[in-house]
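Close look at the chain arrangement
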Amino acid sequence: VTPLGVFQNNFSDTYIVMTAVLVGSLFVLAGWLSERYDFKKHFSFTYILLGGNLALIAALVGLIGNEMLLYFVPLALLCVTMVWYARRTQSFFFLLMGVVYGYIGITYLLIRMLDGIDQIFWLGQFYFAFTAVMVIYFFLSYKKILGTAK
């Protein structure tokens with residue numbers, strides 16, 4: 001994978017998507033390790049931010065564009081990692097990253113699973129109404145999730 005190869009917009013190529021998931025995950029790991037071992041700790045936010053976005057977007061592209069369930073595993077692991085890191089550092093931004101990317105992935109999988117059901121419209125209405133309520137609850141209680149509530 002070359003840097004100019006990405007500009008050809010061939011995101012259906014499994015090799016590019018897998019490489020992006022791997023490189024992004026390595027950046028997240030490098031950021032965490034730099035923080036853990038106190039080596040260039042000031043770059044950890046940038047490593048985790050860029051690596052997390054790269055890996056999560058690539059996993060979503062693989063899940064949606066290539067329709068491969070294989071990409072749900074790294075997507076779920078990275079979302080859990082972002083939420084864990086957000087709670088550890090009390091960072092709303094990383095919490096939002098983990099929740100939003102996870103919501104998109106789960107919603108896509110749910111829609112794909114319910115594709116052949118006759119009641120898809122009504123189930124979809126219920127799902128989106130329920131998740132809208134959950135979003136409101138999330139914004140009202142994110143300080144408790146992060147452990148910053150007084």
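So, here's what we can say about the structure. (Residues numbered from 1 in each chain as written. Predicted model: local features only at pLDDT ≥ 70, side-chain atom pairs only at ≥ 80, totals over all residues. Heavy atoms only, no water.)

Considering the overall build of the chain
For the chain, the helix and strand inventory stands at six helices and zero strands. Seen in sequence order, the chain has helices and strands lined up from the N terminus as α-α-α-α-α-α. When its C-alpha atoms are laid out on the principal axes, the chain stretches across 55 × 50 × 20 Å. Of all intrachain contacts in the chain linking residues separated by at least 6 positions in sequence, the fraction that spans at least 24 positions is 60%. Charge-centre separation for the chain: the mean point of 9 positive side chains lies 21 Å from the mean point of 6 negative side chains. (Helix = DSSP H or I, 4+ residues; strand = E, 2+ residues; numbered from the N terminus. Contact = heavy atoms within 4.5 Å. Lys, Arg positive; Asp, Glu negative; His and termini not counted. Charge placed at Lys NZ, Arg CZ, Asp CG, Glu CD.)

Overview of the pattern of salt bridges
Applying the stated rule across the entire model yields two salt bridges. Close ionic contact of Arg88 with Glu35 constitutes a salt bridge, the shortest N to O distance being 2.6 Å. Of the two residues, Arg88 is situated in helix 4 (residues 72-89) and Glu35 in helix 2 (residues 14-36); the sequence distance between them amounts to 53 residues. The buried category is assigned to Glu35, whose relative accessible area is 18%. Note that Lys41 is salt-bridged to Asp38, the shortest N-O span being 3.9 Å. Judged by its relative accessible area of 44%, Lys41 falls in the partly exposed class. (Salt bridge = Lys/Arg side-chain N within 4 Å of Asp/Glu carboxyl O. Buried < 20%, exposed > 50% of the residue type's maximum accessible area, 1.4 Å probe, protein only.)

Digging into the environment of Leu29
Note that Leu29 resides in helix 2. Taking C-alpha positions, Leu29 is 9.6 Å from Gly52, a pair spaced 23 residues apart along the chain.

Overview of the side chain of Ser34
As for its position among the elements, Ser34 is in helix 2. At 2.9 Å, the side chain of Ser34 and the backbone oxygen of Gly31 are in polar contact. Apart from the residues lying within four places of it in its own chain, the contact partners of Ser34 are Phe39, Lys40, Lys41, Ser44 and Tyr47. (Polar contact = N/O pair within 3.5 Å; in protein donor to acceptor, adjacent residues only side chain to side chain.)

Re the packing of helix 2 against helix 3 (residues 44-65)
Interaxial distance between helix 2 and helix 3 falls to 7 Å at its minimum, and their mutual angle equals 155 degrees. With respect to their mutual orientation, helix 2 and helix 3 come out roughly antiparallel. Of the two possible hands of crossing, helix 2 and helix 3 adopt the one that is left-handed. For the contact of helix 2 with helix 3, the residue count by class is 15 nonpolar, eight polar and one charged. (Axes fitted to C-alpha atoms, helices over the stretch in contact; angles between N-to-C directions. Parallel < 35°, antiparallel > 145°, perpendicular 65-115°, else oblique. Left-handed = near helix turned anticlockwise from the far one by under 90°. Nonpolar A, V, L, I, M, F, W, Y, C, P; charged D, E, K, R; others polar.)

Quick look at the packing of aromatic side chains
Scanning the entire structure with this criterion turns up twelve aromatic pairs. Each ring, one from Tyr85 and one from Phe94, has its centre 5.2 Å from the other, and the planes form 80 degrees; the classification is edge-to-face. A relative accessible area of 6% means that Tyr85 is categorised as buried. Ring geometry for Phe126 against Phe130: centres 6.2 Å apart, planes inclined by 15 degrees, an arrangement best described as stacked. Here the residue Phe126 and the residue Phe130 both occupy positions in helix 6 (residues 120-146), the gap between them amounting to four residues, near one helical turn. For Phe130, a relative accessible area of 43% corresponds to the partly exposed category. Its end group placed over the ring of Tyr37, Arg36 keeps NZ or CZ at 5.7 Å from the ring centre. (Phe/Tyr/Trp six-rings, centres within 6.5 Å; stacked < 30°, edge-to-face > 60°. Lys NZ or Arg CZ within 6 Å of the ring centre and 35° of its normal.)

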